[in-house]
Amino acid sequence: MNMKIGKWIGRAICLLLAGSALQVWAETTKVACVGDSITFGYGIGARETMGYPAVLGKLLGPGYEVKNFGNSGKTAGDYPSQKKNGRWYGDTPQYKDSVAYVADVYICNLGINDTGSWWDARLFEQGYDKLLTAWHKANPKAHLLAWGKLGPDFRGPAGKKAFPGNVFAPDYKFSGTDNGSSARRGDAEKLISRVGGKHKVKLFDAYTAMASKPQWYGDGLHPNASGARRLAEITFAKLVPVLKIKQPVPVMKKEDDQLVISNSGETGILMEMYAISGPGRAVFVFGKDTVLHPGEEIGITLGEKTANDPTEKLCWKVSGTQETDFQLRPLKKPFPSENKVPGQGRD
């Protein structure tokens, strides 16, 4: 009798463990970051922990698995003149692995290496289409995202504006040539938009928030750890509505002349979904793609000029002495970025 009971208990435990394992497997959302050297993390010493895919994984938190399928120097187009150099991403082990991974989300950063002397618009669009088709075929339900606006390039002739070009001297000087990239970049981005539309790809901007930060680019093209962190934040902000990511509730307290907002959860918080109401009708609205990382804090200094750029010191020109003068509240619908006027009253 005891042996029979023991067998039943053993079977029950095995079933429970198997069920738990299946549940964990089923609930894990797989994210594939595919692309070139920027995705790979070229130039970042600890790229395995500080590259943009790694930081994105920390922001997404439990329930998400993010893998880096970056390969330096790779193109979206398959150019005959570059075949011996193995330029096309579709010829790489990382491409094959990304397809076999059967991700729930594919995030593509390709195009900047296509704009060299081998540029061919037809082959670029054709190659990009093949890649997107393969990822969609691997998982027809996968979300496809891509950099519609490629990351900045600070190289080129001194003083000549491009994307944005070598225009930050004397503080920052980079290579005097971009190998002709800027001349073809606009065409590449138009084609990304066109082929992306065919595959219902969600495009996002990896340029605007980065183009005024040459200090984030050691060689003018590849972001350092600070730049990679910002890229991860921009990507996380794009994924929040797509994946309906559950986020912790931020906590705010007043410390001397600062409001300190903390995140004690395991997932990042997109702060543009919140606003702070102050004395009178004053409201502080967070800048676009402001992300509070797990286990970190954001401080807003009171009484100075108002500034809400998430990459700089946050300030709010408002008077208030008591903690009860301020309230952090969620927004049913975030203010459109073009209407974000921090520190002004709103109904």
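Before reading further, recall that the structure is shown in the block above.
Residues numbered from 1 in each chain as written. Predicted model: local features only at pLDDT ≥ 70, side-chain atom pairs only at ≥ 80, totals over all residues. Heavy atoms only, no water.

Asker: Report on unusual backbone geometry, specifying residues and quantitative values.
Answerer: A cis amide bond links phenylalanine 163 with the next residue in sequence, proline 164, at an omega value of -5°. In this structure, proline 164 sits in the loop between strand E4 (143-149) and helix H7 (181-198). Positioned with a positive phi, lysine 200 is a non-glycine residue whose angle comes to about 55°. Here lysine 200 is to be found in the loop between H7 and strand E5 (202-205). A positive phi angle is found at lysine 244, which is not glycine, with a value near 50°. Along the chain, lysine 244 turns up in the loop between helix H8 (225-243) and strand E6 (251-255). (Helix = DSSP H or I, 4+ residues; strand = E, 2+ residues; numbered from the N terminus.)

Asker: Go over the side chain of aspartate 114, please, and point to the residues and values.
Answerer: Position of aspartate 114 among the secondary structure elements: in the loop between strand E3 (105-109) and helix H6 (121-138). One buried charged residue, aspartate 114, remains without a salt bridge, the closest side chain of opposite sign being arginine 87 at 8.0 Å. Side-chain polar atoms of aspartate 114 contact the backbone nitrogen of glycine 77, separated by 2.8 Å. Once you skip the residues sitting within four places of it in the chain, aspartate 114 turns out to touch Thr75, Ala76, Gly77, Tyr79, Trp119 and Phe124. (Buried < 20%, exposed > 50% of the residue type's maximum accessible area, 1.4 Å probe, protein only. Lys, Arg positive; Asp, Glu negative; His and termini not counted. Salt bridge = Lys/Arg side-chain N within 4 Å of Asp/Glu carboxyl O. Polar contact = N/O pair within 3.5 Å; in protein donor to acceptor, adjacent residues only side chain to side chain. Contact = heavy atoms within 4.5 Å.)

Asker: With reference to specific residues and values, describe the pattern of salt bridges.
Answerer: Side chains carrying opposite charge are able to pair once their charged atoms draw close together. Scanning the model with the defined rule gives 13 salt bridges in all. In this structure, aspartate 91 engages lysine 83 in a salt bridge whose closest nitrogen and oxygen atoms are separated by 3.0 Å. A salt bridge links arginine 155 to aspartate 153; its shortest N-O distance comes to 2.8 Å. Residue classification places arginine 155 among the buried positions, given a relative accessible area of 15%. Residue aspartate 153 is classed as buried on the basis of its relative accessible area, which comes to 5%. Connected through shared salt-bridge partners, Arg229, Arg230, Glu233 and Glu296 make up one network.

Asker: Tell me about the sheet that holds strand E12 (residues 297-302), and please be specific about residues and values.
Answerer: The strand order across the open sheet formed by 4 strands is E6-E7-E12-E13, and the pairing between neighbours is mixed. Across the chains shown, the open sheet's two edge strands, defined by having one partner strand only, are E6 and strand E13 (314-316). Taking each pair of neighbouring strands and ignoring which way they run, the sheet shows an average axis angle of 25°. Across 3 bridges, E12 lies against E13 in parallel orientation. Note that in E13 the partner of threonine 301 across the bridge is cysteine 315. (Pairing = 2+ DSSP bridges. Axes fitted to C-alpha atoms, helices over the stretch in contact; angles between N-to-C directions.)

In short, shape yes, function no, at least from these values alone.
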